[in-house]
Amino acid sequence: MAVVESELSLSSRRPRWSRHRAAGATAPYALLAPAAIVIGAVLAYPLYLLARLSLERYGLFELIRHKGVWIGVDNYTKILHDGQFWHVVLRTIVFTAVNVSLTMVLGTAIALLLVRLHTLVRILLTAGLVFVWATPVVVAVDIWRWLVDPEFGVANWVLTKLHFGDFTHHDWFVNPWSGFGVITALVVWGAIPFVTITVWAGLSQVPEELVEAARLDGAGSFAIFREVTFPLLKPIFIILASLSIIWDFQVFNQIWIMLDQRPSTDYFLMSIYSFVESFRISEYGLGSAIAVVMVAIMLVVTSVYVRQMVKTGEVR
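Here is what the cut-offs are and how they apply
Residues numbered from 1 in each chain as written. Predicted model: local features only at pLDDT ≥ 70, side-chain atom pairs only at ≥ 80, totals over all residues. Heavy atoms only, no water. Phe/Tyr/Trp six-rings, centres within 6.5 Å; stacked < 30°, edge-to-face > 60°. Helix = DSSP H or I, 4+ residues; strand = E, 2+ residues; numbered from the N terminus. Buried < 20%, exposed > 50% of the residue type's maximum accessible area, 1.4 Å probe, protein only. Core = buried A, V, L, I, M, F, W, Y, C linked by side-chain atoms within 4.5 Å. Contact = heavy atoms within 4.5 Å. pLDDT = per-residue confidence, 0-100. Expected span 1.5 Å × (residues − 1). Bend = angle between axes of the 7 residues up to and from the residue. Patch = residues over 30% accessible without salt bridge, like charges linked within 9 Å, V, L, I, M, F, W, Y side chains within 5 Å. Areas by Shrake-Rupley, 256 points an atom, 1.4 Å probe, with all protein chains shown as cover. Salt bridge = Lys/Arg side-chain N within 4 Å of Asp/Glu carboxyl O. Axes fitted to C-alpha atoms, helices over the stretch in contact; angles between N-to-C directions. Parallel < 35°, antiparallel > 145°, perpendicular 65-115°, else oblique. Left-handed = near helix turned anticlockwise from the far one by under 90°. Nonpolar A, V, L, I, M, F, W, Y, C, P; charged D, E, K, R; others polar.

## Considering the packing of aromatic side chains
Scanning the model with the defined rule gives 20 aromatic pairs in all. Ring geometry for Tyr58 versus Tyr284: centroids 6.3 Å apart, planes at 80°, classification edge-to-face. You can see Tyr58 sitting in the loop between strand S1 (56-57) and helix H2 (60-65) and its partner Tyr284 sitting in helix H13 (residues 284-315), a full 226 residues away along the chain. In this pair, the class of Tyr58 matches that of Tyr284, namely buried. Relative to Trp86, the ring of Phe85 lies with its centre 5.2 Å away and its plane at 75°, an arrangement referred to as edge-to-face.

Rendered as structure tokens:
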């Protein structure tokens, strides 16, 4: 009889446990739903217009008539068979990978340095990072333009004085490799503060007992980071990397302003390529098709980001 009563009590508890488990699984989605609804309401109609425009021939003549000509997927066929489009896609992917890698590595290194610094020095360095993060993009680009200016740039003067070569009147943007080097430095400089402060906040939550135990076992600093710190902060790193990919994949202002709104095709990323096709060549349908492809890629990356956020919530 006692065994029967025990089984009955367990069976009566199972539905409640399953309900709690189901509620826990759906809670992250419920919390994200209001933001998703607002974003969807704001972006749904513009995205619909973008997708519809990408299926039409919409040039200056159609702009005057306020009516495009339906051509189906011809715009997508055209860009997918265009060699320049694939060069731009590859350049954008490489640019994003380099920027995200440098941002994550340097941001993490500075965060690890913050942990070891004296409190006053840490406050000053953190304040400097916040000022960099708060600097508007236009102001930051103007500062960097002045630094690498061929006539009055500080970078050319310093490199010449340090005998790295004759950089007098050197134009960094004649060669796309050096030009993208400057742009990468600008993008990474502006992105490091967010990564650094976020990783530093995560490092403060790493149990000191685990670090001390690893150190007593003879582990070095790199081994401690690889075996203890990184696994504990992996969700934070994944989220930071996802956000950095989203931001760096759609870089526009840094290149557009730095090159006086006249970038050559060597500096085309997907955002600039779409803009030029739409507003300079007046092929609005073709530019919209490029933008739709870009949005599709970003949706894939965003889905990974949201999924990692949900997983992090489930773990907690």
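Once you've had a look at it, read on.
## A closer look at the nonpolar core
The nonpolar side chains of a soluble globular protein tend to be buried, and buried together. Core analysis: the largest hydrophobic core is formed by 41 residues, its most contacted members being Ile79, Phe85, Phe173, Ile183, Ile255 and Met270. Of all the elements in the fold, those that place two or more residues in this core are helix H3 (74-80), helix H4 (83-116), helix H6 (137-147), helix H8 (176-203), helix H10 (221-249), helix H11 (253-258), helix H12 (270-280) and H13. Sequence-distant contacts of Phe173, that is, excluding residues within four places in its chain, are made with Val148, Gly179, Val182, Ile183, Met258, Leu259 and Tyr267. Within the second largest apolar cluster, 15 residues are counted, among which are Met104, Leu203, Phe225 and Phe237.

## With respect to the confidence of the model for the protein
For the protein, per-residue confidence averages 83 on the pLDDT scale, and 89% of positions sit at 70 or higher. Across the protein, element-level confidence peaks in H8 with a mean pLDDT of 93 and bottoms out in helix H1 (residues 2-53) with 68. Ignoring residues within four places in sequence, the model shows residues 1-8, a span with pLDDT below 50, making zero contacts including any to other chains. With pLDDT under 50 throughout, residues 10-14 is counted as low confidence; its partners more than four residues away or in other chains account for zero contacts.

## Examining H10
With 29 residues, H10 extends just 33 Å between its outermost C-alpha atoms, more than 12% less than the 42 Å of an ideal straight helix rising 1.5 Å per residue. Along H10, the sharpest kink reaches roughly 60°, centred on Lys234 and followed within four residues by the proline Pro235.

## Remarks on a nonpolar patch on the surface
On the surface, a nonpolar cluster with roughly 500 Å² of combined accessible area is contributed by Leu90, Val94, Val98, Leu102, Val105 and Leu106. Note that Val98 resides in helix H4.

## Some points on the environment of Val276
Looking at where Val276 falls in the secondary structure, it is placed in helix H12. As for Val276 and Arg262, which are separated by 14 residues in sequence, their C-alpha atoms are 9.7 Å apart. With sequence-adjacent residues up to four places away left out, Val276 is seen in contact with Trp256, Phe268 and Ile281.

## Regarding the packing of H6 against H8
One can describe the packing of H6 onto H8 by two numbers: an axis separation of 11 Å at closest approach and a directional angle of 140°. If you check the angle between H6 and H8, you find them oblique. The two elements H6 and H8 meet at a crossing, and its hand is right-handed. When H6 is examined against H8, the residues Ala140, Val141 and Trp144 are found in contact with a partner set consisting of Val182, Ala185, Leu186 and Trp189. Taken together, the residues of the contact of H6 with H8 break down into seven nonpolar, no polar and no charged.

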